[in-house]
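Coordinates in review
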Amino acid sequence: MVRVAARWLLCLPLFLLLLGCSVERQTQRIGRLYDAVRSQPQIQPPADYVPAATPAVGVDPIAKADVLVFAARPGDALVSAYATIGQAKQDGKRVVIVYVTNGDAQTDVARALAELPANATPTPRQYLDGASVLQELALQVARSALGMEPEDVIFLSYPDGALHALTAEAPDEVVRSPYTEKDGLFDAGITPYRIARSGQGVPYSFNAILHDLNDVLVELNPSEIYLPSPASTDETVAAAGRLIARSLREVAPREARVFIYLQALEGQPSPDWRVPVTDPAAKQRALDMYAARIGRAGWPNLPAALLEEEGFWEFDYTKPV
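Criteria and cut-off values
- Residues numbered from 1 in each chain as written.
- Predicted model: local features only at pLDDT ≥ 70, side-chain atom pairs only at ≥ 80, totals over all residues.
- Heavy atoms only, no water.
- Pairing = 2+ DSSP bridges.
- Helix = DSSP H or I, 4+ residues; strand = E, 2+ residues; numbered from the N terminus.
- Axes fitted to C-alpha atoms, helices over the stretch in contact; angles between N-to-C directions.
- Core = buried A, V, L, I, M, F, W, Y, C linked by side-chain atoms within 4.5 Å.
- Buried < 20%, exposed > 50% of the residue type's maximum accessible area, 1.4 Å probe, protein only.
- Contact = heavy atoms within 4.5 Å.
- Salt bridge = Lys/Arg side-chain N within 4 Å of Asp/Glu carboxyl O.
- Expected span 1.5 Å × (residues − 1).

**A word on the sheet that holds strand 8 (residues 273-276)**
Read from one edge of the open sheet, seven strands run 3-2-1-6-7-9-8, paired in mixed fashion. Here the strands that pair on one side only, and so sit at the sheet edges, are strand 3 (153-158) and strand 8. Neighbour-to-neighbour, the strand axes of the sheet open up by a mean angle of 25°, direction not taken into account. In this structure, strand 6 (residues 224-228) lies alongside strand 7 (residues 257-261), joined through five bridges in parallel fashion. Looking at strand 7, one finds that Leu 227 is bridged to Ile 260.

See the structure below:
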């Protein structure tokens, strides 16, 4: 036994020498790999990439939703999808409404809130103030009429009345609203709205809004999507539909069902899907909450049919519109 131990002791220096050589070789190999990786050219973002902005105060991170309803302006989602949202909520689904604009080109709203004469033109500040009130109303009505939480209502806050000017042909062109005279979100350090998905300095441009729409779709990953018709006769509504459709072509959730809605059912093809309004009086009361605050006698141009049922058409967003 003593002889065996002695032999092991004699071999120990040789073993340690071999072990040290092996460790040194591995260290050199790792170093060469590290140098090789560092020498590779760095990946650059595409030229049209728009970095995500810092969220405004009061905006919480959004989580997955089952149903996503896009609307051009506050109130539009209730006009066209009140019963649909209510049914989804009853089924235990999470519903999120995304308002593309705050309605900051609504002359009658700005005029009524500022108590201006019928022929007066509101100032840019009055247009912004009117849109701020519409934003608050959208939150109040969503909570009281549909039981939704503030985080279930998202405001992108792009310009009403100028949305059609945000085009892919000029993706970086900054558009100025002729109503608010602003060319971006929170420009010049001014915060026009309490809540907006994008933060300070985000321009009114095609790239900026597409980035926001893509972010919402990817983060929420909904299984059902509703959007306004790109063929609407209302310029802002149609532009919102086209922009959302473009975003869907880029990042639409796999297997999601996509539908468009119209705010007038008369003269349209028979809907692919109908949702009955089981309590028309409740829907009217929800819409009247807007009317009472902004001095309207009732929701403008609301077809009586929309108090009875809501209709939707399957939408093939893969085709350019």
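We are not done yet, so read on.
**A look at the nonpolar core**
Ranked by internal contacts, the top residues of the largest apolar core, which has 41 residues, are Phe 70, Tyr 158 and Leu 163. Contributions of two or more residues to this core are made by strand 1 (67-71), strand 2 (95-101), strand 3, helix 5 (206-220), strand 6, helix 6 (235-251) and strand 7. Looking at this core, the element that brings in the most residues is helix 5, giving eight residues. Ignoring sequence-local partners within four residues, the contact set of Phe 70 consists of Val 98, Leu 213, Leu 217, Ile 225, Tyr 226, Leu 227, Pro 228, Ile 244 and Tyr 261. Among the nonpolar cores identified, the runner-up in size contains 38 residues, and Ala 71, Ala 88, Val 109 and Val 277 belong to it.

**A look at the pattern of salt bridges**
Using the criterion set out here, one finds twelve salt bridges in the structure. Arg 176 is the salt-bridge partner of Asp 183, the closest N and O atoms lying 3.3 Å from each other. Classification of Asp 183 as partly exposed rests on a relative accessible area of 25%. On the accessibility criterion, Arg 176 (48% relative accessible area) is partly exposed. Glu 309 is paired through a salt bridge with Arg 274; the nearest N and O atoms lie 2.3 Å apart. A residue pair is termed long-range when its members are at least 10 positions apart, and Glu 309 in strand 9 (residues 309-314) and Arg 274 in strand 8 qualify at 35 residues. On the basis of relative accessible area, Glu 309 is assigned to the partly exposed category, the value being 23%. With a relative accessible area of 40%, Arg 274 lands in the partly exposed category. Residues joined by salt bridges that share partners form a network here, namely Arg 73, Asp 160 and Asp 234.

**Re helix 4 (residues 124-146)**
Working note: α-helix, 3.6 residues per turn, so residues spaced by three or four point in the same direction. In this model, helix 4 (23 residues) spans 32 Å end to end at C-alpha, consistent with the 33 Å of a helix rising 1.5 Å per residue. Phi turns positive one or two residues past the end of helix 4, at Gly 147, with a value near 70°.

**Overview of the environment of Val 79**
Looking at the secondary structure, you find Val 79 in helix 2 (residues 76-90). Separated by 183 residues in the primary sequence, Val 79 and Leu 262 place their C-alpha atoms 9.6 Å from one another.

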